[in-house]
Amino acid sequence: MPRVLSPLPHPAHRSPCPRRLFEEIRERRGLVYGISFRWRPYRLIPGGYCTIDFMPKADMIEESIAAVRECFHRLVTEGFSMDEFEAAKSPLVTKVKETEKQNVFWVQLMEDLGNPLSPKSIGCIQDVSDHYDALTKEQVEEVVRCCLGHGMEHMVIATGTSGPQEQTQAGKEAIERG
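Reference entry: report on the structure contained in this document. (Residues numbered from 1 in each chain as written. Predicted model: local features only at pLDDT ≥ 70, side-chain atom pairs only at ≥ 80, totals over all residues. Heavy atoms only, no water.)

1. A word on the overall build of the protein chain
Then, in step 1: Within the protein chain, the regular secondary structure consists of eight helices and two strands.
Then, in step 2: Counted from the first residue to the last, the protein chain has its helices and strands arranged as α-α-β-β-α-α-α-α-α-α.
Then, in step 3: Burial statistics for the protein chain: of 178 residues in total, 40% are counted as buried.
Then, in step 4: Put simply, 65% of the contacts in the protein chain that link residues at least 6 apart link residues at least 24 apart.
Then, in step 5: Taken as a whole, the protein chain presents about 10400 Å² of accessible surface, with 53% of it coming from carbon and sulfur. (Helix = DSSP H or I, 4+ residues; strand = E, 2+ residues; numbered from the N terminus. Buried < 20%, exposed > 50% of the residue type's maximum accessible area, 1.4 Å probe, protein only. Contact = heavy atoms within 4.5 Å. Areas by Shrake-Rupley, 256 points an atom, 1.4 Å probe, with all protein chains shown as cover.)

Here it is in structure tokens:
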């Protein structure tokens, strides 16, 4: 499954999730100074977890949180376009072809081989770039729904300021929910 979700956290906002967040929340709406997405497969909970870090403009914190939640929800439930998928997949396949010649690539694959939350066989580390190249949009969208769909119900929002401003309403509600 990590291979299927690999198009998501690709660098330079090329993958569907960070690219959509960047374009919609920062570029189109102008709500934040910066935004990033990271997926940590099979860490702490089945399916892993993701983080969306963003720096909202001081007077747009509540609006930014709402917009990020809504954008993430749409990505999980409605998927992404073929253009978004291809923009993530093509550079990923190229990167895998380049890095599979390096020891660090194989060490990371071997580390995950023994992870009980992500059972694999030795076949998972054969013809790696071909496996990435064979990924389909539908496969990635299904894994997004399975692995990241729980994020809407288990979302943690942490807000902070660089000054003595009052806590946001979303931050207060998150504390109340525990």
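2. Structural notes on helix α3 (residues 61-78)
Then, in step 1: For α3, spanning 18 residues, the distance from its first C-alpha to its last is 25 Å, which sits close to the expected 26 Å at 1.5 Å a residue.
Then, in step 2: Taken together, the buried positions of α3 are occupied by I61, S64, I65, A67, V68, C71, F72, R74, L75 and V76.
Then, in step 3: Phi turns positive one or two residues past the end of α3, at G79, with a value near 80°. (Expected span 1.5 Å × (residues − 1).)

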